[in-house]
Amino acid sequence: MKLAKLIKRFRVGKADKFRLADVDPADTGGLDIEKAEAKALLADGVERLSALQEKLYAQNRWAVLVVFQAMDAAGKDGAIKHVMSGVNPQGCQVHAFKVPSAEELDHDFLWRIAKALPERGRIGIFNRSHYEDVLIARVHPEVLSRKRLPGALVSKAIWDDRFKSIREFERHLAHNGTLVLKFFLHISKEEQRRRFLARLDEPGKRWKFEMSDVAERKLWDKYMHAYEEAIRHTSRPEAPWYVVPADNKRFARLVIAEVIVEAMEGLRLEFPRIEGEALKELEKVRAALLVEAPTRK
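As a convention, each chain's residues are numbered from 1 in the sequence order in which they are written. Where totals are concerned, whole chains, interfaces and linings use all residues; where local detail is concerned, this predicted model gives features only for residues with pLDDT of at least 70, and gives and counts side-chain atom pairs only at 80 or more. The side-chain quantities take in all heavy atoms of the structure and omit both hydrogens and water.

(A) Representation of helix 8 (residues 158–175). Look at helix 8: 26 Å from first C-alpha to last across 18 residues, which is about the 26 Å you get at 1.5 Å a residue. Any residue under 20% of the maximum accessible area for its type is buried, any over 50% is exposed, and the rest in between are partly exposed; the area is computed with a 1.4 Å probe on protein chains only. Every helix listed is a DSSP run of H or I at least four residues long, and every strand listed is a run of E at least two residues long, numbered separately from the N terminus. Every buried residue belonging to helix 8 is among Ile158, Trp159, Arg162, Phe163, Ile166, Arg167, Phe169, Glu170, Leu173 and Ala174, and all of these are buried. Should any heavy atoms of two residues lie within 4.5 Å, those residues are considered in contact. In this structure, the buried side of helix 8 is in contact with strand 1 (63–70), helix 5 (111–115), helix 6 (136–139), helix 7 (141–145), strand 4 (178–186) and helix 11 (220–234). Take the number of residues in a helix, subtract one, and multiply by 1.5 Å to get its expected span.

This is how it looks when you write it as structure tokens:
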């Protein structure tokens, strides 16, 4: 199956009927991702993305926002590292959202997100995002209490209200020239267990492990429900979710690269054209530089 057709399987279409259980975290779309062909496909995707990013930067009309959400050890960092390996750092910015600061808690939950948005001509990558406020805050009610919201606003409707705010926020971005792509790296609980063990067994990876990771595993079902609800309520044509099987890291990276490339190709990016008087001025400059050429003795 060609990648272009394959990625359509992972785009959330009829969001109101989306079920996370329908996506197999071990799915590889029939591709033998261990063969050299898979490496070549990723290399090709990285190269195409690099060329598109150069045009995006030069044209300076569109911005691209790529959102990554996942359970711990699903491969967000690795996906960012490998997929964006060919992108010019000047045209790309990565923002990892941590626990909100005191200043951020004194504003609405989208305030810190808006500050980190990419400007025109750049690719912005969110390693976690505004969705933390309908995921972690939903699984851990005490997180919501730290927001110091007026009591009347903390009701059963708060999640629907936040989903609506997110939909409107992302629609606003899309209508103002930002391409929004959202990826949920769907890892199985068993694969997460294996990756945690690998971190503990390898000294060079132990720094990645946190004791809180074990505690969060016990809340797996609650997180899956929160993710399913978030995806179901916020996947829209102008800001789609892609639920990417992530048990195989190579396959996940391949899908992510293809989705970004295909979406950016749809923007029909071009290098700015120099015409008219501006072109005449450049010709004068060219002629002057040629005159300066040193004479051979």
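Continuing now.
(B) Summary view of the pattern of salt bridges. Between Lys or Arg on one side and Asp or Glu on the other, a salt bridge is scored when a side-chain nitrogen of the former is within 4 Å of a carboxyl oxygen of the latter. Here the structure, examined in full by the defined rule, presents 22 salt bridges. Among the ionic pairs, Arg148 bridges to Asp106, the shortest N-O distance being 2.5 Å. In this pair, Arg148 sits in the loop between helix 7 and helix 8 while Asp106 sits in the loop between helix 4 (102–105) and helix 5, placing the two residues 42 residues apart along the sequence. For the pair Arg148 and Asp106, a shared accessibility class is recorded, and that class is exposed. Two residues, Glu281 and Lys284, come together in a salt bridge whose shortest N-O distance is 3.6 Å. Of this pair, Glu281 and Lys284 both sit in helix 13 (residues 276–291), separated by 3 residues, roughly a single helical turn. On the basis of relative accessibility, which here comes to 43%, the residue Glu281 falls in the partly exposed class. The exposure class of Lys284 is exposed, given its relative accessible area of 54%. One salt-bridge network, in which partners are shared between bridges, spans Glu190, Glu191, Arg193, Arg194 and Arg195.

(C) Examining the packing of aromatic side chains more closely. Note on aromatic pairs: the rings of Phe, Tyr and Trp (six-membered ring only in Trp) are paired at centre separations within 6.5 Å, and the planes decide the class, stacked below 30 degrees, edge-to-face beyond 60, tilted for the rest. In total, this model carries 6 aromatic pairs according to the counting rule given. Look at Phe68 and Phe183: their rings are 5.5 Å apart centre to centre, the planes differ by 20 degrees, and that puts the pair in the stacked class. Of this pair, Phe68 sits in strand 1 while Phe183 sits in strand 4, and the two are 115 residues apart along the sequence. Like Phe183, Phe68 is buried. Taken together, the aromatic side chains of Phe68, Phe183 and Tyr242 make up a single cluster linked through ring pairs. Placement of a positive charge over a ring is assigned whenever Lys NZ or Arg CZ falls within 6 Å of the ring centre and within 35 degrees of the normal to the ring plane. Of note, Arg162 hangs over the ring of Phe109, and the distance from its end group to the ring centre comes to 4.6 Å.

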